[in-house]
Amino acid sequence: HEAEAHRTDLMTITRYVLNEQSRHPESRGDFSILLSHIVLGCKFVCSSVNKAGLAKLIGLAGETNVQGEEQKKLDVLSNEVFVKALISSGRTCILVSEEDEEATFVDPPLRGRYCVVFDPLDGSSNIDCGVSIGTIFGVYMVKDKDDVTLDEVLQPGKNMLAAGYCMYGSSCTLVLSTGSGVNGFTLDPSLGEFILTHPDIKIPKKGKIYSVNEGNAKNWDGPTTKYVEKCKFPNDGASPKSLRYIGSMVADVHRTLLYGGIFLYPADKKSPNGKLRVLYEVFPMSFLMEQAGGQAFTGKQRALDLVPTKIHQRSPIFLGSYDEVEEIKALMEQNL
Ligand code: AHG
Ligand code: MN
Ligand code: MN
Ligand code: MN
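- As annotated in an unreviewed UniProt entry, the protein chain is Fructose-1,6-bisphosphatase, cytosolic from Ensete ventricosum.
- Among the UniProt annotations of the protein chain, the heading Sequence similarities (unreviewed entry) holds the following wording: "Belongs to the FBPase class 1 family."
- Looking at the Catalytic activity (unreviewed entry) heading of the UniProt record, one finds this comment for the protein chain: "beta-D-fructose 1,6-bisphosphate + H2O = beta-D-fructose 6-phosphate + phosphate".

Here is the structure:
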């Protein structure tokens, strides 16, 4: 009977967030409206990704972005969809996207109280070969929506109200935190609704997987080299960790969140700040990791304490199971 009841008592993401809103009465449903527009963007990208091969969406858009990367058609398309959906929600005032050099300031009549930072399509290099990709987003509340400057969005990650990602893989899974735990929702294409499938996700305290691009090993600094060495040749009799690296942050982080382990994109001689962008990759994933009982560390400090000065600033990141990050912190502090 329980299963029966469950099947008809659909916990959609919309209903879930409305329940959450009852804990923030001051929001008057604004966040729910914002989220419904983020969800719309995710559904659009999910359907575009699924038919990319057929709809000639594979391949390059012939432009390069501020990151110096060749934009894929899906990078550009998904960016446009998210920007338009977020502006039309009437709940945003600043948008920062990986694909736009400058922040977007919403026209006053359509302004709301939220800043959204997002990576519209994460893992672009994996599009053409069909490996999972995703969208990453974070939400800040502005102090005064009528006097909006870039400072409103250069806040430490700990000030985020919400963060999440959507992974376009064998199924379309949206993982979200609004500051009281992490929940996973899976798109039911027959309903067009995200249904709660992973309630209250907690990352295992330890993990047997490490996730890093070993191809950069030549350029790593001492502590990183030492840590990865320890994963492969443990000196305490433990068994070596397995290496799993997909090359899409969303997919590598999703596996780390569910199975445990450590994900790292360290600094190296070529990129002293690592590769991943603080506002729309490092902060949202660090927020989720802490909400799920894990940790996120830049090599020098707690990732969420970092105060960004530029919207596309990068930072090294070590995130995952609580105990695994403790080990890295101990190693790094010895060398500071
Ligand atoms: P994006 O596709 O949004 O530019 O992000 C790609 C990032 C991230 O998804 C992944 O973890 C990392 O690039 C992989 O970088 P390497 O190929 O250098 O390992
Ligand atoms: Mn990119
Ligand atoms: Mn990315
Ligand atoms: Mn991207």
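**Here's the deal with the site of ligand 1**
- As a structural note, the neighbourhood of ligand 1 is formed by 17 residues, with Asp-122, Gly-123, Ser-124, Tyr-245 and Tyr-265 the closest of them.
- Between Glu-69 and ligand 1, the recorded distance is 3.3 Å, taken from a side-chain N or O atom to an oxygen atom.
- Backbone polar atom of Leu-121 to an oxygen atom of ligand 1: 3.2 Å apart, as the coordinates give it.
- Contact with the protein chains removes 87% of the 470 Å² of surface that ligand 1 exposes when unbound.
- Residues belonging to the shell around ligand 1 are distributed by class as follows: five nonpolar, five polar and seven charged.

**Brief notes about the coordination of the manganese ion (ligand 3)**
- The coordination sphere of the manganese ion (ligand 3) contains the protein donors Asp-119 (OD), Asp-122 (OD) and Glu-281 (OE), at a distance range of 1.9 to 2.1 Å.
- Binding-site remark: the manganese ion (ligand 3) is held by donors from one chain whose sequence spacing is D-x2-D-x158-E.
- A separation of 5.4 Å is found between the manganese ion (ligand 3) and the manganese ion (ligand 2). On the criterion of sequence distance, the pair formed by Asp-122 in strand β5 (residues 111–122) and Glu-281 in helix α7 (residues 278–291) is long-range, its members being 159 residues apart.
- By relative accessible area, Glu-281 is classed as buried at 1%.

**Details of the sheet that holds strand β11 (residues 209–211)**
- Pairing within the open sheet is mixed, and its five strands lie in the order β12-β11-β13-β15-β14. Looking at the sheet topology across the chains shown, the edges are occupied by β12 (242–243) and β14 (295–297).
- Helix-sheet contacts for helix α6 (residues 249–259) involve β11, β13 (262–265) and β15 (317–320), and the interaxial angle to β13 is about 150°.
- Its contacts with the sheet place helix α8 (residues 322–335) against β13, β14 and β15, and it is angled at close to 25° to β14.

**A closer look at the pairing of strand β3 (residues 92–97)**
- Summarising burial for β3: six of the six residues are buried, a large majority.
- Direction of pairing for β3 relative to strand β4 (residues 104–105): antiparallel, over a ladder of two bridges. Pairing of Leu-95 across the sheet is with Thr-104, part of β4.
- Two successive antiparallel strands, β3 and β4, enclose a turn made up of six residues.

**Describing the environment of Pro-266**
- By the secondary structure assignment, Pro-266 is in the loop between β13 and α7.
- In the structure, Pro-266 is positioned 54 residues away from Val-212 in sequence and 8.4 Å away in space, judged by C-alpha atoms.
- Aside from chain neighbours lying at most four places away, what touches Pro-266 is Val-212, Trp-220, Thr-224, Gly-274, Pro-316, Ile-317 and Phe-318.

**With respect to the coordination of the manganese ion (ligand 4)**
- For the manganese ion (ligand 4), every protein donor is listed as Glu-98 (OE), Asp-119 (OD) and Leu-121 (O), and the spread of their distances is 2.0 to 2.2 Å.
- For the manganese ion (ligand 4), the single-chain donor residues occur in sequence as E-x20-D-x1-L.
- Here the manganese ion (ligand 4) and the manganese ion (ligand 2) are spaced 3.7 Å apart, with Glu-98 acting as a shared donor. In this pair, Glu-98 is assigned in the loop between β3 and β4 and Leu-121 in strand β5, connecting sequence segments 23 residues apart.
- By relative accessible area, Glu-98 is classed as buried at 3%.

**Some remarks on the state of the cysteines**
- The tally for this structure, following the rule as stated, stands at zero disulfides.
- Residue Cys-93 stays outside any disulfide, its sulfur separated by 4.3 Å from that of Cys-115, the closest cysteine.

How each quantity is defined
Residues numbered from 1 in each chain as written. Chains lettered and ligands numbered in written order. Predicted model: local features only at pLDDT ≥ 70, side-chain atom pairs only at ≥ 80, totals over all residues. Heavy atoms only, no water. UniProt positions renumbered as here; feature names shortened; annotations may be inferred. Near = heavy atom within 4 Å. Polar contact = N/O pair within 3.5 Å; in protein donor to acceptor, adjacent residues only side chain to side chain. Areas by Shrake-Rupley, 256 points an atom, 1.4 Å probe, with all protein chains shown as cover. Nonpolar A, V, L, I, M, F, W, Y, C, P; charged D, E, K, R; others polar. Donors = N, O, S within 2.8 Å, 3.2 Å for Na, K, Ca; no water. Helix = DSSP H or I, 4+ residues; strand = E, 2+ residues; numbered from the N terminus. Buried < 20%, exposed > 50% of the residue type's maximum accessible area, 1.4 Å probe, protein only. Pairing = 2+ DSSP bridges. Contact = heavy atoms within 4.5 Å. Axes fitted to C-alpha atoms, helices over the stretch in contact; angles between N-to-C directions. Disulfide = S-S within 2.5 Å.

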